[in-house]
Amino acid sequence: YMSLLRIYTKPRGQIPDYTAPVILPAEKNKIEDFCLRIHKSLLGQFKVALVWGMSVKHNPQRCGKDHPLMDEDVVQIIKKVG
C-alpha cells in the first residue's frame, strides 16, 4: 500500500468530480499541500475551503490551510475577492 490520499474537487454550484481525484502523499495531507498540487498561485488567493468527508464534523465545514485531509474528502476552494 502506497499511503496516498484521493482528494476530489468540487466547483461551485456543481457536483463533485469523482472521475479525476487529486492524489496527495499521506504525509502531505494539509489543504495547503492540496492547493499547491493544483496550482502554486492558488495559495495566494486562498480565503477558506469547504470540506465534505471524514476529516470534518459537519458537511460542509469551513477550514483553513492547516486542516488535515483524509482519503476521499471533497474540497471546494473559496478565493479572496479583489
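The numbering scheme is per chain: residues are counted from 1 as the chain's sequence reads. Only residues with pLDDT of at least 70 get local features here, since the model is predicted, and only at 80 or more are side-chain atom pairs given and counted; chain-wide, interface and lining totals rely on the full set of residues. Heavy atoms from the whole structure form the basis of all side-chain values; hydrogens and water molecules are not counted.

Asker: It is not clear to me how the sheet that holds strand E1 (residues 4–9) should be interpreted in this structure. Could you clarify?
Answerer: By the convention used here, strands pair only if DSSP detects at least 2 bridges between them. Per the convention used, a helix needs a DSSP run of H or I reaching at least four residues, while a strand needs a run of E reaching at least two, with both numbered from the N terminus. In spatial order, the strands read E2-E1-E5-E3-E4; together these five strands make up an open sheet with mixed pairing. The outermost strands of the open sheet, each flanked by one partner alone, are strand E2 (17–25) and strand E4 (61–63). Sheet twist, expressed as the average angle between the axes of neighbouring strands with direction ignored, equals 40 degrees. Contacts between helix H1 (residues 31–38) and the sheet are confined to E1, E2, strand E3 (46–52), E4 and strand E5 (74–79), with E2 contributing the most and set at about 115 degrees to the helix. Only the stretch in contact is used when a helix axis is fitted, and all axes are lines through C-alpha atoms; the angle between N-to-C directions ranges over 0 to 180 degrees. The contact criterion used throughout is that any non-hydrogen atoms of two residues lie within 4.5 Å.

Asker: Could you clarify how one ought to interpret a nonpolar patch on the surface in this entry?
Answerer: Patch rule: a residue counts if its relative accessible area is over 30% and it has no salt bridge; like charges are joined within 9 Å, and nonpolar side chains (Val, Leu, Ile, Met, Phe, Trp, Tyr) within 5 Å. Per-residue accessibility takes into account occlusion by the displayed protein chains alone, with areas from the Shrake-Rupley method and a 1.4 Å probe. Should a side-chain nitrogen of Lys or Arg be within 4 Å of a carboxyl oxygen of Asp or Glu, the pair is scored as a salt bridge. A grouping of Met2, Leu4 and Ile23 is seen on the molecular surface, where their side chains present a nonpolar patch of about 280 Å² in accessible area. Inspection of the secondary structure assignment puts Ile23 in strand E2. You can call Ile23 partly exposed: its relative accessible area is 35%. Only protein chains enter the accessibility calculation, which uses a 1.4 Å probe. A residue is then buried if its area is under 20% of the maximum for its type, exposed if over 50%, and partly exposed in between.

Asker: Looking at this structure, how should I read the pattern of salt bridges?
Answerer: Opposite charge on two side chains permits pairing when their charged atoms draw close. A full pass over the atoms with the stated rule returns two salt bridges. Across the salt bridge formed by Asp71 and Arg6, the nearest N and O atoms sit 2.7 Å from each other. Here Asp71, found in the loop between E4 and E5, pairs with Arg6, found in strand E1; they are 65 residues apart in sequence, far enough to count as distant. Judged by its relative accessible area of 27%, Asp71 is partly exposed. Judged by relative accessible area, Arg6 falls into the partly exposed class, the value being 33%. Its salt-bridge partner being Arg6, residue Glu72 comes within 3.1 Å of it at the nearest N-O pair. Here Glu72, found in the loop between E4 and E5, pairs with Arg6, found in strand E1; they are 66 residues apart in sequence, far enough to count as distant.

Asker: Which parts of the structure should I look at to understand the environment of Gln61?
Answerer: Relative to the helices and strands, Gln61 is located in strand E4. Accessibility expressed as a relative area gives 24% for Gln61, which makes it partly exposed. Along the chain, Gln61 and Val48 lie 13 residues apart, while their C-alpha atoms are 9.9 Å from each other. Setting aside residues up to four positions removed in sequence, Gln61 forms contacts with Ala49, Leu50, Val51 and Val56. From its side chain, Gln61 meets the backbone nitrogen of Lys57 in a polar contact 3.1 Å long. Identification of polar contacts relies on pairs of N or O atoms within 3.5 Å, with a donor-acceptor requirement for protein atoms, meaning one able to donate a hydrogen and the other able to accept it, and with residues adjacent in sequence counted only if both atoms are side-chain atoms.

Asker: Explanation requested: the packing of aromatic side chains in the structure shown.
Answerer: Note on aromatic pairs: each is described by the distance of the centres and the angle between the planes. Note on aromatic contacts: the rings of Phe and Tyr and the six-membered ring of Trp form a pair at centre separations within 6.5 Å, being stacked when their planes are under 30 degrees apart, edge-to-face when over 60 apart, and tilted otherwise. If you walk through the whole model with that rule in mind, you get one aromatic pair. Judged by centre distance (5.0 Å) and plane angle (70 degrees), the ring pair of Tyr8 and Tyr18 falls under edge-to-face. Taken together, the residues Tyr8 in strand E1 and Tyr18 in strand E2 connect sequence positions ten residues apart. Residue Tyr8 is classed as buried on the basis of its relative accessible area of 9%. For Tyr18, a relative accessible area of 52% puts it in the exposed group.

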